[in-house]
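Per-entry structural report
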Amino acid sequence: MTPYRATHLILQKQVALKLLHRHLLLKDPRFVDLLCEESRHTAQLDHPNVVRVFDVTRASEATYIVLEWVDGESLSKHVRRRGVLSSAATVRVAQEVCAGLEAVLARGLVHRDIKPSNVRLQRDGGVKIIDLGLARHDLTRSALSRDAVVGTPGYMAPEQATAAQSVYFRADIYSLGGTLCFARSGRLPMHIKTVEEVRRIGPSDQPGPLQEVAPDTPEALVRLVHAMMAFSPKDRPANYAELRRMLAAIS
């Protein structure tokens, strides 16, 4: 699904248009349901750290959603273009993503695909989470989202690959930990590219040593990333309030 920048003729404002490619529809008609599901999830949220949805159109000719246009670039593009973030900037991004994820969870949702390309850095300094297309509602039992293994292997929590139906918010904490690792190092937290490799992650596996690629990274931030990416969900921060406290202690 490709996002385009467009002008909403009635609202007279810049928006993002996410269009479902026709070849995807022909390949699997359920993609329409996934797109509409994303719009319903996002429409429930009104938070400064989560992109807003304005409209959705479902027709035989085209299906698309109209989203808030975020003036800025993804964290992944920013790091490729300008280099890694400072430790202070990394913590600030983490705090804002944490606030957004807390709002997502308040709606009973788990994002399931937090990664650098889904974190947008605004020109005004704000941070927004995008792409709730893979989100799972705790109360939803649809065949589309219940058992499917979804996410991006390099940032996917181990349980997403082995027990997708029981994934909950601590998987997002794991993925955010991997995203912070990328923000400071410019690298994947672990050299993992497939779901099968995720399934082989064990309790002793840890993200790469941040201090080797970013020696000025505070030890407290290194410890926090390792805690967020603990193999067992119960060993990660217990909730977003705890994670916010841990981040505040670094900044």
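The coordinates are above.
For the structure given in this document, a descriptive report is provided here. Keep in mind that this is a model prediction, so the values were computed, not measured. (Residues numbered from 1 in each chain as written. Predicted model: local features only at pLDDT ≥ 70, side-chain atom pairs only at ≥ 80, totals over all residues. Heavy atoms only, no water.)

So, on to the overall build of the protein. In terms of regular secondary structure, the protein is built from ten helices and nine strands. Residue burial in the protein is summarised as follows: out of 251 residues, 50% are buried. By element, 53% of the accessible surface of the protein is carried by carbon and sulfur atoms, the whole surface being about 12,000 Å². (Helix = DSSP H or I, 4+ residues; strand = E, 2+ residues; numbered from the N terminus. Buried < 20%, exposed > 50% of the residue type's maximum accessible area, 1.4 Å probe, protein only. Areas by Shrake-Rupley, 256 points an atom, 1.4 Å probe, with all protein chains shown as cover.)

A word on the packing of aromatic side chains. For any pair of aromatic rings, the description rests on two quantities: the centre-to-centre distance and the angle between the ring planes. Evaluation of the coordinates by the stated rule reveals two aromatic pairs. Between the aromatic rings of Y168 and F169, the centroid separation amounts to 5.4 Å while the plane-to-plane angle is 90°, which identifies the pairing as edge-to-face. Measuring from ring centre to ring centre gives 5.5 Å for F169 and Y240, while their planes differ by 50°; the resulting arrangement is tilted. Highlighted residues: F169 in helix 6 (residues 169-185) and Y240 in helix 10 (residues 240-250), separated in sequence by 71 residues. An aromatic cluster is built from Y168, F169 and Y240, whose rings are joined through pairwise contacts. (Phe/Tyr/Trp six-rings, centres within 6.5 Å; stacked < 30°, edge-to-face > 60°.)

A few words on the sheet that holds strand 8 (residues 127-129). Taken together, three strands build an open sheet; the order of strands is 5-7-8 and the sheet is antiparallel. In this open sheet, the two strands that pair with only one neighbour each are strand 5 (72-74) and strand 8. Neighbour to neighbour, the strand axes of the sheet diverge by 25° on average, direction disregarded. Helix 3 (residues 75-82) rests against strand 5 and strand 7 (119-122) of the sheet, and its axis sits at about 95° to strand 5. On the sheet, helix 4 (residues 87-106) packs against strand 7 and strand 8 and is oriented at approximately 40° with respect to strand 8. (Pairing = 2+ DSSP bridges. Axes fitted to C-alpha atoms, helices over the stretch in contact; angles between N-to-C directions. Contact = heavy atoms within 4.5 Å.)

Spacing of three or four residues puts side chains on the same side of an α-helix, whose turn is 3.6 residues. Looking only at helix 9 (residues 219-228), the buried set comprises L221, V222, L224, V225 and M228. All buried residues of helix 9 lie within an arc of 165° about the axis, which places them on one face of the element. (Arc of directions from axis to C-beta.)

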